[in-house]
Each structure stands twice: as structure tokens, then as C-alpha cells.
Amino acid sequence: MNSIPIHIPKDLFEPAAIRHYEAELSPFCLSVGIDEYSFDKPLHWQVDITNTGGALLVAGTVEGTARGICARCLEDAVFDVTGEIEGYFLIPGVEADLDDIDEDEFDTLPADDVLDMAPLIEAALILEMPLVPVCTEDCKGLCAKCGKNLNEGECDCIFEDALPLNPFAALKDFKFE
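Anyway, here's the lowdown on the structure attached to this text. (Residues numbered from 1 in each chain as written. Predicted model: local features only at pLDDT ≥ 70, side-chain atom pairs only at ≥ 80, totals over all residues. Heavy atoms only, no water.)

## Some points on the overall build of the chain
Link 1 in the chain: In terms of helices and strands, the chain carries one helix and nine strands.
Link 2 in the chain: In the chain, the order of α-helices and β-strands from amino to carboxyl end is β-β-β-β-β-β-β-β-β-α.
Link 3 in the chain: Here the chain holds 177 residues, and 35% of them are scored as buried.
Link 4 in the chain: The contacts of the chain with a sequence gap of at least 6 include a subset with a gap of at least 24, amounting to 57%. (Helix = DSSP H or I, 4+ residues; strand = E, 2+ residues; numbered from the N terminus. Buried < 20%, exposed > 50% of the residue type's maximum accessible area, 1.4 Å probe, protein only. Contact = heavy atoms within 4.5 Å.)

## Considering helix α1 (residues 118-128)
Link 1 in the chain: Taken together, the buried positions of α1 are occupied by Ala-118, Leu-120, Ile-121, Ala-124 and Leu-125.
Link 2 in the chain: Elements that come into contact with the buried residues of α1 comprise β2 (18-25), β3 (29-32), β5 (43-51), β6 (55-69), β7 (76-90) and β9 (114-116).

## Brief notes about the pairing of β6
Link 1 in the chain: Where β5 lies against β6, eight bridges are found, and the strand directions are antiparallel. Each residue of the ladder has a partner; that of Trp-45, found in β6, is Val-62.
Link 2 in the chain: Two successive antiparallel strands, β5 and β6, enclose a turn made up of three residues, where Gly-53 displays a positive phi of approximately 100°.
Link 3 in the chain: Pairing of β6 with β7 involves 15 bridges; the strand directions are antiparallel. From the neighbouring strand, Ile-69 faces β7, where its bridge partner is Asp-76. (Pairing = 2+ DSSP bridges.)

## Details of the side chain of Thr-61
Link 1 in the chain: Within the element layout of this structure, Thr-61 appears in strand β6.
Link 2 in the chain: The contacts of Thr-61, once residues within four sequence positions are left out, are His-44, Trp-45, Gln-46, Gly-83, Glu-84 and Ile-85.

## Description of the nonpolar core
Link 1 in the chain: In terms of nonpolar packing, the biggest core is built from 34 residues, with Trp-45, Ile-49, Ile-85, Met-117, Leu-125 and Met-129 touching the most fellow members.
Link 2 in the chain: Residue assignment for this core shows that the elements contributing at least two residues are β2, β3, β5, β6, β7 and α1.
Link 3 in the chain: Per-element accounting of this core gives the leading share, five residues, to α1.
Link 4 in the chain: Other than its neighbours up to four places away in sequence, Met-129 contacts Leu-30, Val-32, Tyr-37, Phe-39, Ala-66, Phe-79 and Val-81.
Link 5 in the chain: Cys-70, Ala-77, Val-134 and Cys-139 belong to the second largest nonpolar core, which has five residues in total. (Core = buried A, V, L, I, M, F, W, Y, C linked by side-chain atoms within 4.5 Å.)

## Re a nonpolar patch on the surface
Link 1 in the chain: Side chains of Phe-168, Leu-171, Phe-174 and Phe-176 sit close together on the surface and give an oily, nonpolar patch of about 510 Å² of accessible area.
Link 2 in the chain: Assignment of secondary structure puts Phe-168 in the segment after α1.
Link 3 in the chain: A relative accessible area of 59% means that Phe-168 is categorised as exposed. (Patch = residues over 30% accessible without salt bridge, like charges linked within 9 Å, V, L, I, M, F, W, Y side chains within 5 Å. Areas by Shrake-Rupley, 256 points an atom, 1.4 Å probe, with all protein chains shown as cover. Salt bridge = Lys/Arg side-chain N within 4 Å of Asp/Glu carboxyl O.)

## Quick look at the packing of aromatic side chains
Link 1 in the chain: Under the counting rule described, the total for this entry stands at two aromatic pairs.
Link 2 in the chain: Ring centres of Tyr-37 and Phe-79 lie 5.8 Å apart, and the angle between their planes is 80°; this geometry places the pair in the edge-to-face category. Linking Tyr-37 in strand β4 (residues 35-38) with Phe-79 in strand β7, this pair joins segments that are 42 residues apart in sequence.
Link 3 in the chain: According to the relative accessible area criterion, Tyr-37 is buried, its value standing at 1%. (Phe/Tyr/Trp six-rings, centres within 6.5 Å; stacked < 30°, edge-to-face > 60°.)

Now the structure itself:
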């Protein structure tokens, strides 16, 4: 994802000041672990930036439709995503109340007063991606023997056992002394 700079205007450095920003984000691809997701249509994002008296609070949402690969049948898995954008940026030279905030929950506003929204949007999207992407909750997956997509119908495979395959199946005929 390319940089999405927001230049913080001088009036936003006044305590309790607030500004609203929103835009469309061009389609892009997002890697989450071993999964790859694409956004074929623009995503919409919006945030409010609020001066809390020593820091800038960034809060908003990003919305779009993600496309990935179903982990069960390898077909397209398409789903809507709404992520919560959050960020807390200390204003250099201004004392902020950090009593209830852990050190890893805030950053410092860059010296050029420009916030890059890209990392915040990307983090919001990553948190909303499924651990295991599936095309539908009742996806039947692929036949373990022939690879046929079982969502399209049953296959002609004959399994020797009615028992599910397991890592110890090779030992079923082993003679223990």
C-alpha cells in the first residue's frame, strides 16, 4: 500500500480541536501470514483526528470487499471487511496524560506534522481478516483422495475404512510382539 499522508494543520494543535478526513483507497493486495487478499474495488476510509491535550487521537473505519482463496476448496472466498482505524500520536513538546496507556499503544507525531494513514489502515484490515478464509461456512472442501471439489457433488472414491485418515493409519497391519 502506498503512503497516505495527512498534513496536520496548525489549528488541530489547539486542545479539543477535531478534524474529519475521508477518502477512497485504490485497489491493492494485502498479505496476512500465508494468505493473500485482494481488494478489487476501492476501499472507503474515514477518520476523525482529535487533539486530546497532548496527543492526537486518530479514530475511524475502513470498509471494502476482500477476495482470497478458500482454505477448504481453493475457490474464491469473498467477504466484506470493516476495520477499526486507531492511532495515538504524542505531540512533541506538549505534556500528555499517559496514565492509562501502555508504551506500545502510542507513537510520536513526526517533526514534519505529517501522519501516514497507510500503516493504520493496513493494521485495521489485518485485524479483520479471518484466521482461515472459507468461501462459505458449510464448505465441504476437496476429496482427500481425488481432489474433487465436494461442493460440486460427491466423488466416486472408495475409502477402505469408514474411519477418518489419521497419522497412525500406516500402523494398522503392524504386528506387535
